[in-house]
Structure formats: C-alpha cells, structure tokens
Amino acid sequence: MALDAVCLQAAVREIAPQVEGLKIEKIQQPARDQVVLLLRGSRRLLLCASASQPRLNLTEVLRDNPSQPPMFCMLLRKHLAGGRIITLRQEPLERVVTLEIEAMNELGEMGRFSLVLEAMNRHSNLILTDHNGKILDSARHVTDDISRVREVLPGLPYETPPAQDKLNPYQAQEMDYLRALGPLAGLRLDKALQQSVSGLSAQAARELAFRISGSESAPLTDALVPTAAGKLTFFFAHLEDVPTLLTDEDGAPLDVTGFPYLSRDPSRQKTMPTLSEAMDVYFTQRDLRERITQRAHDLRRFLQNALERDEKKLA
C-alpha cells in the first residue's frame with residue numbers, strides 16, 4: 001500500500017468526526033513505530049510510523065503488547081491518558097497528521113498537547129509536543145548526523161517537514177496545471193505528475209496517467225499537456241472517497257486505495273465500508289503472510305545448518 005497525501009486526507013476525513021471529542025482511556029505501544037489510542041466507545045486509533053507502511057486508521061485488530069511498556073509509551077500515558085482529542089487535522093496535502101489533545105498537566109491544570117504522525121516512509125515518526133510546540137519526545141530521535149535539514153530531539157521546537165513546491169490538486173485550476181506541466185514535456189506522464197502535483201504516490205500517478213492517456217507509461221507530449229490539465233482539474237473537483245481493496249486472482253488482498261482504479265481489473269476490486277476496514281483487512285493478511293515467510297526462512301536456515309553439520313561429520 002502506498003499511503004500518499006491524497007489517501008491520507010481521505011483517512012483523516014473519515015476518522016476525524018469519529019474521534020474528535022472522545023476521551024483517551026488507554027495508550028498502548030505494541031511496537032516501536034506503533035501507538036494505539038483506546039478511546040471511549042471501544043474505538044482503537046492506530047498511528048503507525050513504519051518505514052515501509054505508515055498509516056492512520058481505526059482498527060479492530062488486537063495487538064500483543066510488551067510486558068514492559070517502552071519509554072515513549074510511558075511518556076504518552078503520563079501526558080495524554082485521560083485527555084480528550086480536540087482536533088485531528090492534516091497539514092495541507094502533506095503526509096503529516098496532528099492530534100490536538102487537551103489533558104491535565106503536571107500542575108493539575110488543563111493543558112494542550114500535540115501527537116504528530118509523520119507518515120513519510122523511511123522518515124516516518126511519532127512526535128509529542130507541548131502547548132508551546134516544544135518536543136517532549138519522539139519514537140525516533142533524529143540527530144544532526146542523521147539529518148542536516150531538521151533535528152527531532154526532546155527540548156527542541158517542533159518544525160514541520162519542509163513543504164514541497166508543488167500544486168495542491170484540490171485548489172489548482174486548469175491554467176495552473178498548464179504552467180506546471182508544460183516545461184516537463186518529454187518526461188513520462190506519471191513522473192511529470194509526481195514532480196508537479198503534491199501528494200501523489202507513484203501508484204496514484206500511474207493511475208492518473210492511465211486516465212489521461214490510456215496508458216500508465218505514456219510520455220507527456222506538448223499536445224497532451226492541455227488534455228492532462230483539463231482531466232486533472234475535473235478529476236480532483238469530482239473525486240469522491242470510495243475505499244477500495246485490490247485483490248489478486250485468488251481474492252487475497254494486494255493493496256488499498258481511496259478510489260477505484262480504472263487501470264485495474266474491476267473484478268479484483270472490492271468496495272469497502274470504510275478505509276479503516278480496508279486497511280485492517282489488508283494489513284492483517286499482509287502481516288500473516290510475512291510471519292509465514294519469516295518462519296519458513298527460519299526453518300530453511302535451521303535445516304541448512306543441520307545439513308552442513310552432518311556433512312562435516314560424514315567427511
């Protein structure tokens with residue numbers, strides 16, 4: 001699954017009305033890059049900062065938790081347990097989501113905290129800040145040795161990742177696309193879309209290229225620029241959230257999208273009630289496959305070591 005800013009925005013639109021105003025009853029950290037907020041009404045909000053599959057969704061999956069909670073989890077419980085989610089918002093067409101939470105501070109007074117999910121693949125992170133925007137801690141510390149652009153360490157002021165100079169597809173008009181795409185003629189259309197339009201994953205860019213030209217790998221020609229500008233304007237003006245589960249020929253989940261893909265076989269696309277449910281189905285199956293693959297790998301390694309020992313004995 002490629003969680004781009006467009007898909008993340010659909011997730012925020014779906015989840016925000018369901019969690020805003022709810023009390024945080026428990027906080028769990030089943031993995032270093034995962035935090036689960038147990039909310040009033042038996043809702044579980046998962047924030048995952050995995051390097052390969054970052055995401056945000058309401059989940060029904062029960063996860064095993066370590067016997068000793070990690071330090072970041074203990075800090076979240078200290079500041080956020082018993083608090084109430086005030087807002088859930090996304091930075092405009094960026095893969096950054098912020099939960100504004102009102103909770104009792106150390107002085108027994110109501111204070112504001114922010115729990116930030118940066119869903120940016122290998123740069124993904126979970127960050128807790130106070131009402132002044134000072135970082136209290138993060139799931140992953142980013143020092144100057146790791147990034148010279150932005151440090152993420154306790155005590156430093158939180159800064160959002162640098163914004164990209166690209167078009168916001170929900171605000172751009174046809175003339176904006178003409179100006180942005182014109183200089184990129186000669187590139188592959190999907191690559192040109194990724195360079196000029198904010199929030200698109202490679203997968204979504206290929207789908208848009210197919211909708212514009214009939215091919216996922218078509219080149220962007222001067223003649224195609226006006227067509228692309230018109231179709232992009234129409235597409236984002238009329239885009240509706242339709243959570244979709246892509247499957248293989250056996251019906252096994254392959255991916256999750258926020259809308260049906262015309263470039264994929266309709267018989268292998270299943271409309272889901274919510275994006276969160278689609279993510280739960282996809283990641284439950286994916287995690288199961290990964291566990292089976294890992295156990296098979298461990299078994300092969302065990303057998304290989306045993307064979308090598310026996311061969312040495314025979315020799």
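Procedures and definitions
Residues numbered from 1 in each chain as written. Predicted model: local features only at pLDDT ≥ 70, side-chain atom pairs only at ≥ 80, totals over all residues. Heavy atoms only, no water. Axes fitted to C-alpha atoms, helices over the stretch in contact; angles between N-to-C directions. Helix = DSSP H or I, 4+ residues; strand = E, 2+ residues; numbered from the N terminus. Parallel < 35°, antiparallel > 145°, perpendicular 65-115°, else oblique. Left-handed = near helix turned anticlockwise from the far one by under 90°. Contact = heavy atoms within 4.5 Å. Nonpolar A, V, L, I, M, F, W, Y, C, P; charged D, E, K, R; others polar. Salt bridge = Lys/Arg side-chain N within 4 Å of Asp/Glu carboxyl O. Buried < 20%, exposed > 50% of the residue type's maximum accessible area, 1.4 Å probe, protein only. Pairing = 2+ DSSP bridges. Disulfide = S-S within 2.5 Å.

Enquirer: How would you summarise the packing of helix 4 (residues 189–196) against helix 5 (residues 202–213) if you had to cite specific residues and measurements?
Expert: Contact pair helix 4 / helix 5: the axes reach a minimum separation of 8 Å and the direction vectors enclose 120°. Between helix 4 and helix 5, the angle falls in the class oblique. Viewed along their axes, helix 4 and helix 5 form a crossing whose handedness is right-handed. Residues L189, D190, L193 and Q194 of helix 4 touch helix 5, and the partners they reach there are A202, A205, R206, L208, A209, I212 and S213. Partitioned by chemical class, the residues of the contact of helix 4 with helix 5 number 7 nonpolar, 2 polar and 2 charged.

Enquirer: Go over the pattern of salt bridges, please, and point to the residues and values.
Expert: Using the criterion set out here, one finds 12 salt bridges in the structure. Close ionic contact of E216 with R264 constitutes a salt bridge, the shortest N to O distance being 3.4 Å. Taken together, the positions of E216 in the loop between helix 5 and helix 6 (224–238) and R264 in the loop between strand 11 (253–257) and strand 12 (269–271) put the pair 48 residues apart, joining distant regions of the chain. In this structure, R268 engages E249 in a salt bridge whose closest nitrogen and oxygen atoms are separated by 3.9 Å. You can see R268 sitting in the loop between strand 11 and strand 12 and its partner E249 sitting in the loop between strand 10 (244–247) and strand 11, a full 19 residues away along the chain. Note on E249: relative accessible area 65%, which makes it exposed. The network of salt bridges with common partners includes R206, E216 and R264.

Enquirer: Could you give an account of the pairing of strand 8 (residues 125–129), naming the residues involved and the relevant values?
Expert: Of all 5 residues in strand 8, 5 are buried; the element is thus mostly enclosed. Covered by surrounding structure in strand 8 are N125, I127 and T129 together with L126 and L128, the residues of both alternating faces. Of the strand pairs in this sheet, strand 7 (residues 110–118) and strand 8 are connected by 5 bridges, and their pairing is antiparallel. Considered in strand 8, the bridge of V116 is made with I127. Connecting strand 7 to the next strand, strand 8, in antiparallel fashion are 6 residues, including N121 with a positive phi near 50°. Judged from the 3 bridges that link them, strand 8 and strand 9 (residues 135–138) form a sheet pairing that is antiparallel. What sits directly across from L128, in strand 9, is D137.

Enquirer: So what about the state of the cysteines? Which residues, and what values?
Expert: Note on terminology: a disulfide is the covalent bond linking the sulfur atoms of two cysteines. All chains considered together, the criterion is met by 0 disulfides. Between C48, a cysteine without a disulfide, and C7, which holds the nearest cysteine sulfur, the sulfur-to-sulfur distance is 14 Å. Under the relative-accessibility criterion, C48 is labelled buried at 1%. C73 takes part in no disulfide bond, and the closest cysteine sulfur, belonging to C48, lies 15 Å away. Its relative accessible area of 1% is what places C73 among the buried residues.

Enquirer: How would you explain the sheet that holds strand 2 (residues 34–39) if you had to name every residue and give the values?
Expert: Taken in spatial order, the 4 strands make up an open sheet running 1-2-3-4, and their pairing is antiparallel. Pairing within the sheet leaves two strands with one partner each, and these edge strands are strand 1 (24–31) and strand 4 (55–58). With direction set aside, neighbouring strand axes in the sheet form an average angle of 15°. Sheet topology note: the strand 1/strand 2 ladder contains 5 bridges and is antiparallel. Following the sheet pairing, I27 is matched in strand 2 by L37. Its contacts with the sheet put helix 2 (residues 71–80) on strand 1 and strand 2, and the angle it makes with strand 1 is roughly 170°.

Enquirer: Residues and numbers for the pairing of strand 5 (residues 84–90), please.
Expert: Relative to strand 6 (residues 96–104), strand 5 runs antiparallel, the two being bridged by 6 bridges. In the sheet register, R84 faces strand 6, and the bridge partner there is E102.

Enquirer: So, the sheet that holds strand 11: which residues are in play, and what are the values?
Expert: On the basis of which strands lie adjacent, the open sheet formed by 3 strands has the order 11-10-12 and antiparallel pairing. In the strand order of this sheet, the two ends are held by strand 11 and strand 12, each with one partner. The average undirected angle you get between the axes of adjacent strands in this sheet is 25°. The pairing of strand 10 with strand 12 spans 3 bridges and is antiparallel. Each residue of the ladder has a partner; that of L246, found in strand 12, is Q269.

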